[in-house]
Amino acid sequence: HAHTIGPPQAQAFAERFKQRRIRWSVTQADVGKALANLKLPGVGALSQSTICRFESLTLSHNNMIALKPVLQAWLEEAEAQAKNKRRDPEAPSVLPMGEVDDVRMNDGSLKTGY
């Protein structure tokens with residue numbers, strides 16, 4: 001029997017998902033692409049608009065239910081990678097770590113001049 005998520009659970013999860021994603025400076029498009037790296041059965045990359053609609057709860061109830069375990073898998077993997085800071089070479093890449101670090105260094109060098 002599949003877990004059913006009613007609006008309150010879906011809303012709570014979508015909110016948590018979005019807060020974590022923003023905290024890690026990961027775009028909706030990054031999440032969509034990273035899902036392909038998780039190699040979940042029957043799941044490829046998702047579009048940015050699908051992630052956006054999940055976060056804003058504008059997908060149909062059935063689509064919310066179908067996507068929750070997929071996005072939960074990304075969230076769990078991303079939380080593990082964020083905690084470890086070091087990516088396990090065997091683990092699927094779900095956070096654009098290098099890109100985030102590069103952006104910070106570029107910002108710093110711009111502020112300090114040349």
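Residues numbered from 1 in each chain as written. Predicted model: local features only at pLDDT ≥ 70, side-chain atom pairs only at ≥ 80, totals over all residues. Heavy atoms only, no water.

Looking up the protein in an unreviewed UniProt entry gives the name Inhibitory POU protein-like, with the organism given as Homarus americanus. Of the protein, the UniProt comment under Subcellular location (unreviewed entry) reads exactly: "Nucleus". (UniProt positions renumbered as here; feature names shortened; annotations may be inferred.)

Between helix α2 (residues 28–37) and helix α3 (residues 48–55), whose axes approach to 8 Å, the crossing angle comes to 110 degrees. Looking at the two axes, α2 sits roughly perpendicular to α3. Note that α2 runs across α3; the crossing there is right-handed. Residues Gln28, Ala29, Val31, Gly32 and Leu35 of α2 form the contact with α3, whose own contacting residues are Gln48, Ile51, Cys52 and Glu55. (Axes fitted to C-alpha atoms, helices over the stretch in contact; angles between N-to-C directions. Helix = DSSP H or I, 4+ residues; strand = E, 2+ residues; numbered from the N terminus. Parallel < 35°, antiparallel > 145°, perpendicular 65-115°, else oblique. Left-handed = near helix turned anticlockwise from the far one by under 90°. Contact = heavy atoms within 4.5 Å.)

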